[in-house]
Structure formats: C-alpha cells, structure tokens
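Report on the structure
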Amino acid sequence: MPSIDDFARDKLGQLRSRNLYRSLTETTRHDEHWIEREGRRLLSFCCNDYLGLSHHPEVKAAAIAAIEQYGAGAGASRLVTGNHPLFAELERRLADLKGTEAACVFGSGYLANAGIIPALIGEDGLIVIDELAHACLWAGAQLSRGQVVRFRHNDIDDLDHILKTRRGGHPHVLIVTDGVFSMDGDLAPLNELSAMAERYDCWLMTDDAHGLGVVGGGRGSAAMSGAKVHLQMGTLSKAIGAYGGYLCASLPVIELIRNRARTLIFSTGLPPAIVAAAIASLDVIARDPEFAASPVAKARAFTRATNLPDAQSPIVPVIIGGEAETLAASRLLQDHGFFAAGIRPPTVAAGTARLRFTFSALHPDAEIERLAGLVRSQILAN
Ligand SMILES: *Cc1c(COP(=O)(O)O)cnc(C)c1O
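What this report covers is the structure whose coordinates are included nearby. Here the structure is a predicted model, which is why all the values come from computation and not from measurement. (Residues numbered from 1 in each chain as written. Predicted model: local features only at pLDDT ≥ 70, side-chain atom pairs only at ≥ 80, totals over all residues. Heavy atoms only, no water.)

1. Remarks on the overall build of the protein chain
- Helix and strand counts for the protein chain come out as 14 helices and 14 strands.
- A globule of 382 residues ought to have a C-alpha radius of gyration of about 21 Å, and the protein chain, at 21 Å, matches this closely.
- C-alpha atoms of the protein chain, sized along the principal axes, occupy 55 × 55 × 55 Å.
- Pairs at least 24 residues apart make up 69% of the contacts formed inside the protein chain by residues separated by at least 6 positions.
- Accessible area for the protein chain stands at about 17100 Å²; split by element, carbon and sulfur atoms hold 51% of it.
- Measuring between centres, the 37 positive side-chain charges of the protein chain sit 3 Å from its 42 negative side-chain charges. (Helix = DSSP H or I, 4+ residues; strand = E, 2+ residues; numbered from the N terminus. Rg over C-alpha atoms; globule rule 2.2 N^0.38 Å. Contact = heavy atoms within 4.5 Å. Areas by Shrake-Rupley, 256 points an atom, 1.4 Å probe, with all protein chains shown as cover. Lys, Arg positive; Asp, Glu negative; His and termini not counted. Charge placed at Lys NZ, Arg CZ, Asp CG, Glu CD.)

Dropping the structure here:
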C-alpha cells in the first residue's frame, strides 16, 4: 500500500479517537431555513444567511439575468479579461455603504484576508491580532512573513502593553480583529482599538464577515461604533447570501491592493451571477433597515428566554465543553427538528466545544421559543 494512504489512515484514526473527525453531510436547503439532511426536515439554526437573501426572489432573478447577459463564468483574473461590468457597480455600492472612497471585491472572504495582509505588511512589519480572530486572518498574517503577536481577546490593556514594548521595532504595525466574532458573537471594542491605532501610529483592520447586513443598520460594526477603521474587510457569503469577499478603504490603499494582492491577481474573477446577486441583496438591505435589525432582535429573544447574556449579534454560543457532549447535544436538538452543528477544536479552543446558534430574520418566533425551552431544560440544566 502506498505510504501516503497509511499516513492518511493513521491521521484519520487519531481524529476519530478524539471525537474530532469531520464529514460532509448532504444538505438540501429548500427555502431559507428549512433544510433536509439524512431524509429529515429540520429548521436550521446554523446558517449564516441571516436575512434569507440567498433565496430572495429579486436576488435569484438578478443572478439569472446576469448569466443570460454575461455567461456563467468570468473567464480570467479580473486584471486580465475577467473584470465584467458588474464589479464596478458592486464596488461603488460597498464603498457607499461603508463610507469609504473605494472598495475591491475578491473571490471569497478567505481569499481577501490571504491577499490584503501580505500586500501591506512585509518581513519587517508587525501584526498584532486578537487571539479569537478568524482562521483566514491568521492565514493572511502568516503569509505576510511579518512578526505575528496575539493579544488577549478584546483586551485593550494587553494590546497597549504589546504596542508599548514592540511598536518602535517596526516601520508598520497592523492591528487585526473580527468586528463581530464568528464563534462567540461578541463585538470588538472598535472605539478603543481605533484610539490605540492612533496613539501608536498603527493601521486598524476589521473583518466584518458577520457584521455587514445585520449590525449598524446593515452597514456593519464600524458604522455602529463610529470608529475610524483603515481597512474594512468583509464577505458577501453571509448576510448578503451570495459569495465573495471585499475590502473597503481609501483610494490609494485600494489601488495598491489591486496591484499587490496575489489572491486577486492570480485567481479568477467572481462569476457575473454572484456579483449581480450581491448587488440585489444590498438593494434589499438599503431599502429596509428594520429587516436588517431583526436577526439580532431574534437572537436576543432567545438569550432572554434561556437566561444567557444578551446577544450582541445574530450569533449565540452555548458552550458545552467536551466534544462528545457537544455532539450529543446537537443530536438531541435534531431529534426535536432543529439543526445546530456542534463546533469543536480546532475551530474553537480545547475545552470550549459548543453549539453555535445563528438567528435569521425569517425564523418563526414560536420555533425560537420551542428551541429556547429545549436548550434551557435539556442542555443548560445538565
Ligand atoms: C466566514 C468568515 C470568513 C470567510 O469568508 P468566506 O467568504 O466564507 O471565505 C472570514 N472571516 C470571518 C470572520 C468569517 O466568519
């Protein structure tokens, strides 16, 4: 047998024995939040499509029209022939929404972070990053070859201490954080972080994957706080219901990114249908700020009913601790018609395996109440 197969089997055996093995389960999303898995119809509480826009009639119609007009694929990198006319429209809309001079759209949020950070920080630079920042921010930081130092989650004193001792040794320093933390649902203290960036002459970058469309009247976490953020990155794959990543920033920064970000230059442009869908979603959000606010309101109804701390975003973690117990809790909910995936290491720290609930504008209130009752009596009571 080839040694690579032995190697893979051995690694998989280790994952299984630690309850960390993962597999793909076919899931059909019939409409916004009802899914079918293994022959069962379940109400999903772990989809990031917070406004159900992936299934919105206007969004689907825009995607279909774009295919008819421009074809299925972009055909090349945006810098070659892949820059179809819809990109400029989407970038203008994103920049307007975020109040920046310009924007640049990438193939995905992951690709955006893997491209932006190395385009700005080199070997002599320093990246100071929240310990709970998303995996792709860490990937971008590592690709930069700069020094990477973590600060304790949302801990301004720790950040201050790091900058006090290290700022002098580098020409450029980038502070990196999620705006809304993807596994905990809490918000970064952007005003304090921005003050630190100013005080130590650093650049501040936020990843607002879970903020756009749902906090700050749909405009995201920077708008909500009013803080000055030099680099506002995000994704079109969550509340926007489509796919892709973006950076909103000043015009010179965006021009530099277009010239230097390798994940933009060496990867094919997004398909026209996806870009058209994102534009249509932004229309829906701009039209109805109350709709954009409703996922957080639904999450709050759940945290009140379960006596958990008030939700600050549509994401609510219920920390279980062990991996096996978390999988059992997820199965229990499935037996009652709900789907909430168990989140295990390495996605979260060892000992903090959890159920992660995400709330949508379209979840029926009565179902949220029933879910809260189950979580209170069967999961939190143990
Ligand atoms: C989902 C997510 C990403 C990745 O975005 P994709 O468009 O799915 O690649 C980046 N950052 C955070 C915080 C996320 O939650």
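2. Concerning unusual backbone geometry
- Cis geometry marks the peptide bond from Pro345 to Pro346; its omega dihedral reads 10 degrees.
- Among the structural elements, Pro346 can be located in the loop between strand S13 (342-343) and strand S14 (353-358).
- Of note in the backbone geometry, Asn19 takes a positive phi value of approximately 60 degrees without being a glycine.
- In this structure Asn19 comes out as partly exposed when scored by relative accessible area, which is 33%.
- Of note in this structure, Asp201 is not a glycine but carries a positive phi near 50 degrees.
- Note that Asp201 resides in the loop between helix H7 (190-199) and strand S8 (203-207). (Buried < 20%, exposed > 50% of the residue type's maximum accessible area, 1.4 Å probe, protein only.)

3. Brief notes about a nonpolar patch on the surface
- On the surface, Leu12, Leu15 and Tyr21 cluster together to form a nonpolar patch covering roughly 210 Å² of accessible area.
- Counting through the fold element by element, Leu15 comes out in helix H1 (residues 3-17). (Patch = residues over 30% accessible without salt bridge, like charges linked within 9 Å, V, L, I, M, F, W, Y side chains within 5 Å. Salt bridge = Lys/Arg side-chain N within 4 Å of Asp/Glu carboxyl O.)

4. Let's talk about the pattern of salt bridges
- If you walk through the whole model with that rule in mind, you get 16 salt bridges.
- We note a salt bridge from Glu89 to Arg93, for which the minimum N-O separation is 2.9 Å. With Glu89 and Arg93 both in helix H3 (residues 86-98) and four residues apart, this pair spans about one turn of that helix.
- Across the pair Arg354 and Asp184 runs a salt bridge, and its minimum N-O distance is 3.2 Å. You can see Arg354 sitting in strand S14 and its partner Asp184 sitting in the loop between strand S7 (173-178) and H7, a full 170 residues away along the chain.
- Three or more residues joined by partner-sharing salt bridges are found here, namely Glu89, Arg92, Arg93 and Asp283.

5. With respect to the nonpolar core
- In this structure, Leu90, Leu94, Val105 and Leu236 are the most contacted members of the largest nonpolar core, which totals 40 residues.
- Of all the secondary-structure elements, those providing two or more residues to this core are helix H2 (57-70), H3, strand S4 (102-106), strand S10 (245-249), helix H11 (272-287) and helix H12 (289-306). (Core = buried A, V, L, I, M, F, W, Y, C linked by side-chain atoms within 4.5 Å.)

6. A short note on the sheet that holds strand S1 (residues 27-29)
- Read across the sheet, four strands follow the order S1-S2-S3-S12 without closing on themselves; strand pairing throughout is mixed. Pairing within the sheet leaves two strands with one partner each, and these edge strands are S1 and strand S12 (338-339).
- Bridge count between strand S3 (residues 40-44) and S12: two bridges; the pairing is parallel. Residue Leu43 lies in a different strand from S12, and its bridge partner there is Phe338. (Pairing = 2+ DSSP bridges.)

7. Considering the pairing of S3
- In this structure, strand S2 (residues 34-37) lies alongside S3, joined through four bridges in antiparallel fashion. Among the inter-strand pairings, Arg37 is bridged to a residue of S3, identified as Arg40.

8. Looking at the site of the ligand
- Around the ligand sit 14 residues in total, of which Asp207, His210, Thr235, Ser237 and Lys238 are the nearest.
- In the model, a nitrogen atom of the ligand is placed 2.5 Å from a nitrogen or oxygen of the Asp207 side chain.
- The separation between an oxygen atom of the ligand and a polar side-chain atom of His210 is 2.7 Å.
- Protein chains bury 87% of the 380 Å² of accessible surface belonging to the ligand in isolation.
- A per-class count over the shell around the ligand returns three nonpolar, eight polar and three charged. (Near = heavy atom within 4 Å. Polar contact = N/O pair within 3.5 Å; in protein donor to acceptor, adjacent residues only side chain to side chain. Nonpolar A, V, L, I, M, F, W, Y, C, P; charged D, E, K, R; others polar.)

9. Quick look at the packing of H3 against H11
- Here H3 crosses H11 at 30 degrees, and the two axes come no closer than 9 Å. Here H3 lies roughly parallel to H11, going by the angle between them. Note that H3 runs across H11; the crossing there is left-handed. Every residue of H11 that contacts H3 at Leu86, Phe87, Glu89, Leu90, Arg93, Leu94 and Leu97 is listed here: Pro272, Val275, Ala276, Ala278, Ile279, Leu282 and Asp283.
- Here the contact of H3 with H11 is composed, by residue class, of eleven nonpolar, no polar and three charged. (Axes fitted to C-alpha atoms, helices over the stretch in contact; angles between N-to-C directions. Parallel < 35°, antiparallel > 145°, perpendicular 65-115°, else oblique. Left-handed = near helix turned anticlockwise from the far one by under 90°.)

10. Points about the side chain of Arg37
- Topologically, Arg37 is positioned in strand S2.
- Of the side chains with opposite charge, Glu38 lies nearest to the buried Arg37, which makes no salt bridge, at 5.5 Å.
- A distance of 3.4 Å separates a polar atom in the side chain of Arg37 from a polar atom in the side chain of Thr25.
- Among the polar contacts made by the side chain of Arg37, one reaches the side chain of Thr27 at a distance of 2.8 Å.
- Leave out the neighbours within four places in its chain, and Arg37 touches Thr25, Glu26, Thr27, Leu42 and Phe339.

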